[in-house]
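Architecture and fold: a report
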Amino acid sequence: MKLGFFYIDLGTILFTLCNTLILFLGLKHFLFKPVQKILTERQAAVDQTLQDAEDARSRAEAAETEYTEKLAVAKEESAAMLRNATRKAQQRSDEIVAQAKAEAAGILQQNRDELDRERRRAESELRSEVSGLAVLVAEKVVEREINQADHVRLIDEFIDSVGDVQ
Amino acid sequence: MSSMAMMMLPKVLTGPEELSVEGPAVICSFNVFGLTINFTETVVLEWIVMAIILGVSIFLTRNLKVKAVSKRQVIAEMAVEAITNLVRDTMGKRWLWFTPYIATVFCFSIFGSLISLLGVRAVTSDFSVPLTWAAITFILITWTKIRYGGVRGYLKGFADPIPVMLPINILSEVATPTAMALRHFGNIAGGSIIMGLVYYGLASASRMLHMHGAWLTVGIPAVLSLYFDLFSDFMQAFIFIMLTMVFISNAGPAEDEAA
Amino acid sequence: MDMGEAIILAGSAIGAGLAMIAGIGPGIGEGYAVGKACEAIARQPEASGAVTRTMFVGCAVAESTGIYGLIIALLLIFLKPFT
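Residues numbered from 1 in each chain as written. Chains lettered and ligands numbered in written order. Predicted model: local features only at pLDDT ≥ 70, side-chain atom pairs only at ≥ 80, totals over all residues. Heavy atoms only, no water.

Here's the deal with the overall build of chain C
When its secondary structure is counted, chain C shows three helices and zero strands. Going from N to C terminus, chain C has its helices and strands arranged as α-α-α. Here the C-alpha radius of gyration of chain C, 19 Å, is well above what a compact globule of 83 residues would show, namely 12 Å. With respect to the principal axes defined by its C-alpha atoms, chain C has extents near 65 × 15 × 10 Å. Classification of the 83 residues of chain C by burial places 25% in the buried group. Expressed as a percentage of contacts within chain C between residues at least 6 apart in sequence, the contacts between residues at least 24 apart total 72%. Element-wise, carbon and sulfur atoms account for 73% of the exposed surface of chain C, whose accessible area totals about 4,900 Å². In chain C, which carries 4 positive and 6 negative side-chain charges, the distance between the mean positions of the two groups comes to 11 Å. (Helix = DSSP H or I, 4+ residues; strand = E, 2+ residues; numbered from the N terminus. Rg over C-alpha atoms; globule rule 2.2 N^0.38 Å. Buried < 20%, exposed > 50% of the residue type's maximum accessible area, 1.4 Å probe, protein only. Contact = heavy atoms within 4.5 Å. Areas by Shrake-Rupley, 256 points an atom, 1.4 Å probe, with all protein chains shown as cover. Lys, Arg positive; Asp, Glu negative; His and termini not counted. Charge placed at Lys NZ, Arg CZ, Asp CG, Glu CD.)

Let's talk about the overall build of chain A
Along chain A, the regular secondary structure elements total two helices and zero strands. Its C-alpha atoms give chain A a radius of gyration of 63 Å, clearly above 15 Å, the size a compact globule of 166 residues would have. Looking at the 166 residues of chain A, the share that counts as buried comes to 14%. Chain A carries 23 positive and 30 negative side-chain charges, and their two centres are separated by 14 Å.

Some words on empty space enclosed by the protein
A probe matching the size of a water molecule, rolled over the atoms, marks out where space remains unfilled. All names here are of chain B. One pass over the structure, following the stated rule, counts one cavity of 30 Å³ or more. Considering only enclosed or pocket space, the largest cavity measures out at about 30 Å³ in volume. Lining the largest cavity, in full, are Ser 116, Ala 122, Ile 188, Ser 192, Phe 228, Asp 229 and Asp 233. Elements that contribute at least two residues to the lining of the largest cavity include exactly α7 (166-208) and α8 (220-251). When residues of the lining of the largest cavity are assigned to their parent elements, the largest contribution, three residues, is made by α8. Of the residues that constitute the lining of the largest cavity, the class distribution is three nonpolar, two polar and two charged. (1 Å grid on protein atoms, 1.4 Å probe; cavity = no way out; pocket = protein on both sides within 12 Å on 5 of 7 lines; lining within 4 Å. Points joined across faces, edges and corners; volume = space filled by probe spheres on them. Nonpolar A, V, L, I, M, F, W, Y, C, P; charged D, E, K, R; others polar.)

Looking at the interface of chain A and chain B
With 35 residues of chain A at the interface, the matching set in chain B holds 51 residues. Summed over both sides, the interface between chain A and chain B buries roughly 4,000 Å², with carbon and sulfur atoms accounting for 76% of that surface. The interface formed by chain A and chain B contains one salt bridge. Measuring nitrogen to oxygen at the nearest pair gives 3.0 Å for the salt bridge that ties A:Arg42 to B:Glu77. Grouping the amino acids of the side of chain A that touches chain B by side-chain chemistry returns 23 nonpolar, seven polar and five charged. (Buried area = accessible area lost by both parts, 1.4 Å probe. Salt bridge = Lys/Arg side-chain N within 4 Å of Asp/Glu carboxyl O.)

A closer look at helix α6 (residues 128-158) of chain B
Between its first and last C-alpha, α6(B) extends only 27 Å over 31 residues, short of the 45 Å set by a 1.5 Å rise per residue. Residue B:Gly150 marks the point of greatest curvature in α6(B), where the axis turns by about 115°. (Expected span 1.5 Å × (residues − 1). Bend = angle between axes of the 7 residues up to and from the residue.)

Topic: the pattern of salt bridges
Residue and element names in this part refer to chain A. Overall, the coordinates contain 14 salt bridges over all chains when judged by the stated rule. The shortest N-O distance in the salt bridge between Arg 57 and Glu 61 comes to 3.2 Å. Of this pair, Arg 57 and Glu 61 both sit in helix α1 (residues 10-142), four residues apart, which is roughly one turn of the helix. Judged by its relative accessible area of 46%, Arg 57 falls in the partly exposed class. Between Glu 157 and Arg 153 there is a salt bridge, with its nearest N and O atoms 3.5 Å apart. Here Glu 157 and its partner Arg 153 are both found in helix α2 (residues 148-165), four residues apart, which amounts to about one turn of the helix. When its relative accessible area of 44% is taken as the criterion, Arg 153 is described as partly exposed. Three or more residues are tied together by salt bridges with common partners; here these are Asp 116, Arg 119, Arg 120 and Glu 123.

Laid out in structure tokens, this is it:
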């Protein structure tokens, strides 16, 4: 038995309704749910990757800033150290030079003093010798005994005046 | 002589002897509460179509992976995304939960029509089948209208803009699913009748040319079949789901109002 | 075949032929719609997807009248409802 070509059949409608419902649930369960789950997971993975990349970038930026700062500080420090060292060395060399100069001046002064002292001693020796000599000469010349003390005084006066003239 | 030879050939090779335009065969029928419930050929074919669709979808979604996807998975994802995008573009975001139903009707319609390529009746050339889907669409339209406008708003919609329009509004409300069902059925059934006519004509021509077997029916109908089966089946399935989506989403308020 | 049945069949065949005149309307309408769609795509090629989709739906709706005619014709020829 066959139905008509253009025939509305209640049984077919009911069965089709059930079949459509079953196919709907089947497709939802077997196709849409797993695929959408995978798509969501992939989206999450992509988001995670992007987030990680963003984090890594910000971390790298932070590190770069930090390094730049550190580098600047280090440069500053080294420059300061250099300046300090230069200054110290300059100071030291100045000190050394000054000390050397002072020493040299001291030595010079000492030598001068010694020389002076020597000269004075020589002068006084010379003076006493000269005065003795003069007394002797005068004794010889005048052949007369005069008071030794007077002579010495006279001659000293003479020498002083001579020395003044000189 | 020639008729003797044809008698010995199997029926497939001799081609149709007569053109028959009939509905599906009834396999058995029950009597429930005085109603005759027919279990027809169409239902068996529907089961085959469902088995094919579900089998394909299970095959495509076997061991899905997030990375290093297989070709099967790419096909499955493309199909799901294509239908999801279609629903989103046509109906808007708040109807996205509707996607599996649209996919169901689309697959059912297209495979149900294409099964005629195997030499059996197309599921959709039984008027009851598109009528069922159109009825579902009608119920969903009504449900949407009541959901967004309330029962009063729904009933008031019939007297819009003036009460005189009441019969016309009722008519247009009923005409929507009827036209959808008739369009789908008419296209597929008309196409199959035209293909049947072509086969019948070519088989008759073969007989007239005293061929042993209907050799003219080899190859020639394939060109017509491209339009009447492949293109028409695809277009009708597409148009059916498009109209379903448009009618249902138009039954609710516009996207920005609802949001 | 008696005379009455013959007249009915003849009338059905003529009716079927007349019913297919309904094909003129959708033919003109769809041609017009497709022409307009071509113009629209030429003007805005980036909207071709939406235009094509809308055009197909419009064509489908326009085609309904033709399909009704076809169904009536098929009924008259193959089901012979008046015999």
